[in-house]
Amino acid sequence: MGAFIGLLSFLLFIVVVLVILGLPGGLIYVVQQQTFVIIERLGKFNRITGPGLHVKIPYFERMAKRVDMRTNQVSFRIDAKTKDNVTVTMDIAAQYHVNQSWGQIPQESGVYRSYYMLVDPVAQMSSYLIDALRSSVPSYTLDEVFEKKDSIASDVNATVSALMISYGYDLVGTLITSIALPKDVEQSMNRINSAQREQIAAQSLAEAERIKIVTEAKASAEAMEQAGRGIAAQRKAIADGIADSLEVIKQSGVSANEANQLFLFTQWTDMMNEFAKTGKASTVVLPSDFTQTSSMFEQMLAAGSALPKEK
């Protein structure tokens with residue numbers, strides 16, 4: 001009999017729990033991590049409950065709002081005009097979350113203000129951002145907008161963040177994710193960039209050609225200088241050799257005139273030997289009488305004086 005009563009009591013307890021849980025107003029509720037719940041009693045704010053298991057009075061109390069404390073993002077697109085009258089289209093992404101400060105009383109907390117201060121806080125924040133961007137972009141030229149987009153976004157974020165904090169929201173960051181130009185402006189910029197690159201390429205080629213010409217001229221001048229030095233040294237060596245040879249010939253008893261004839265004959269025979277080896281000479285001067293080769297120099301002088309002189 002006692003076992004039967006115990007089983008009946010247990011079943012009664014289960015029925016009571018099910019009835020309580022099934023009440024339309026609810027008695028027990030669970031709050032997830034990174035979430036807070038605003039509880040109202042008879043339409044008036046009563047308290048804020050954090051993560052865990054909680055109890056509320058059915059019919060008299062209700063969960064007015066589950067406030068997510070995680071960071072969210074809103075994205076939108078705006079058109080703005082730059083300082084040089086170019087209309088650009090910018091994609092904006094803003095990250096935000098509910099302010100986690102609590103203050104002295106619940107009414108000063110970010111959770112309370114995020115629910116009771118604005119009907120649509122995300123739309124209000126987007127409006128602030130759009131207004132701040134359209135006020136900031138006209139201060140920059142098109143090139144500056146591309147170069148300083150992060151700085152522009154940072155300034156706008158600071159301005160809007162100061163406004164949204166009073167509504168219980170922290171603006172974590174604002175990003176300008178892309179900047180689009182009108183087709184005609186984009187094509188014009190591409191043509192300008194192409195012309196600038198071609199100009200730089202032409203200047204580089206001209207500079208390379210100039211360096212090549214200067215280098216070749218320097219090399220040619222140095223080669224000619226070295227050749228001149230070689231010829232001078234060669235002539236000096238020949239003169240020194242002739243002087244030494246004449247001194248030796250004089251010591252042997254040969255006269256100066258005979259010595260000169262001997263040198264002329266020797267040079268003529270050397271020339272003929274060189275011609276016989278190469279065969280590349282275009283003009284050959286031969287004596288009129290091979291039995292008198294010693295008169296070769298006189299015949300060459302006579303031939304030169306017999307040519308008609310130009311008037």
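Residues numbered from 1 in each chain as written. Predicted model: local features only at pLDDT ≥ 70, side-chain atom pairs only at ≥ 80, totals over all residues. Heavy atoms only, no water.

Topic: the sheet that holds strand E5 (residues 61-68)
Link 1 in the chain: The strand order E3-E2-E5 describes an open sheet built from 3 strands, whose pairing is antiparallel. Edge strands, defined here as strands with exactly one partner in the open sheet, are strand E3 (44-49) and E5. Strand-to-strand twist of the sheet, defined as the mean angle between neighbouring strand axes without regard to direction, takes the value 25°.
Link 2 in the chain: Relative to E3, strand E2 (residues 35-41) runs antiparallel, the two being bridged by 5 bridges. Bridged to Arg41 within E3 is Lys44. (Pairing = 2+ DSSP bridges. Helix = DSSP H or I, 4+ residues; strand = E, 2+ residues; numbered from the N terminus. Axes fitted to C-alpha atoms, helices over the stretch in contact; angles between N-to-C directions.)

Concerning the pattern of salt bridges
Link 1 in the chain: Taken as a whole, this structure holds 8 salt bridges when the rule is applied.
Link 2 in the chain: Ionic pairing is found between Asp150 and Lys149, a salt bridge with its closest N-O pair at 3.4 Å.
Link 3 in the chain: Classification of Asp150 as exposed rests on a relative accessible area of 57%.
Link 4 in the chain: We classify Lys149 as partly exposed; its relative accessible area is 28%.
Link 5 in the chain: Taken together, the shared-partner salt bridges in this structure form one network comprising Arg41, Arg47 and Glu61. (Salt bridge = Lys/Arg side-chain N within 4 Å of Asp/Glu carboxyl O. Buried < 20%, exposed > 50% of the residue type's maximum accessible area, 1.4 Å probe, protein only.)

Describing the nonpolar core
Link 1 in the chain: Within the largest apolar cluster, 38 residues are counted, with the highest numbers of intra-cluster contacts made by Met90, Val111, Met125, Leu129, Val160 and Ile176.
Link 2 in the chain: Here this core takes 6 residues from strand E7 (residues 87-98), the largest share from any one element.
Link 3 in the chain: Each residue touching Met125, except ones within four places of it in the same chain, is listed here: Val74, Tyr96, Val160, Met164 and Leu171. (Core = buried A, V, L, I, M, F, W, Y, C linked by side-chain atoms within 4.5 Å. Contact = heavy atoms within 4.5 Å.)

Some thoughts on the pairing of strand E6 (residues 72-81)
Link 1 in the chain: Sheet topology places E6 next to E7; 10 bridges connect them, and they run antiparallel. Across the sheet, Gln73 pairs through a bridge with Gln95, a residue of E7.
Link 2 in the chain: In this structure, the hairpin formed by E6 and E7 is closed by a connection of 5 residues, where Asn85 is found at a positive phi of approximately 60°.

Overview of the packing of aromatic side chains
Link 1 in the chain: Counting across every chain of the model gives 6 aromatic pairs.
Link 2 in the chain: Relative to Tyr116, the ring of Tyr112 lies with its centre 4.6 Å away and its plane at 35°, an arrangement referred to as tilted. Placement of the pair is Tyr112 and Tyr116 together in helix H2 (residues 110-116), with a separation of 4 residues, close to one helical turn.
Link 3 in the chain: Residue Tyr112 is classed as buried on the basis of its relative accessible area, which comes to 18%.
Link 4 in the chain: You can call Tyr116 partly exposed: its relative accessible area is 29%.
Link 5 in the chain: Grouped by ring-pair contacts, the aromatic residues Phe45, Tyr112, Tyr115 and Tyr116 constitute a single cluster. (Phe/Tyr/Trp six-rings, centres within 6.5 Å; stacked < 30°, edge-to-face > 60°.)

Examining the packing of helix H3 (residues 121-136) against helix H5 (residues 149-164)
Link 1 in the chain: Where H3 contacts H5, the axes come no closer than 9 Å and their chain directions differ by 140°. As summarised for this structure, H3 and H5 are arranged oblique, according to the angle between their axes. By crossing handedness, the relation of H3 to H5 is classed as right-handed. The segment H3 lies against H5, with Pro121, Met125, Tyr128, Leu129, Ala132, Leu133 and Ser136 engaging Ile152, Val156, Val160, Leu163 and Met164.
Link 2 in the chain: For the contact of H3 with H5, the residue count by class is 11 nonpolar, 1 polar and no charged. (Parallel < 35°, antiparallel > 145°, perpendicular 65-115°, else oblique. Left-handed = near helix turned anticlockwise from the far one by under 90°. Nonpolar A, V, L, I, M, F, W, Y, C, P; charged D, E, K, R; others polar.)

Describing a nonpolar patch on the surface
Link 1 in the chain: Residues Ile28, Val30, Leu53 and Val55 make up a contiguous nonpolar surface patch of roughly 370 Å² in combined accessible area.
Link 2 in the chain: Secondary-structure elements contributing two or more residues to the nonpolar patch are strand E1 (28-31) and strand E4 (52-55).
Link 3 in the chain: For Leu53, the position within the fold is in strand E4.
Link 4 in the chain: Among the residues examined, Leu53 registers a relative accessible area of 62% and is labelled exposed. (Patch = residues over 30% accessible without salt bridge, like charges linked within 9 Å, V, L, I, M, F, W, Y side chains within 5 Å. Areas by Shrake-Rupley, 256 points an atom, 1.4 Å probe, with all protein chains shown as cover.)

Regarding the sheet that holds E6
Link 1 in the chain: Strand order in this open sheet of 3 strands is E6-E7-E8, and the pairing throughout is antiparallel. Two strands in the sheet have a free side with no partner beyond their single neighbour: E6 and strand E8 (169-180). Here the average twist between neighbouring strands, direction ignored, is 25°.
Link 2 in the chain: Of the strand pairs in this sheet, E7 and E8 are connected by 10 bridges, and their pairing is antiparallel. The residue of E8 that forms the bridge with His97 is Asp170.

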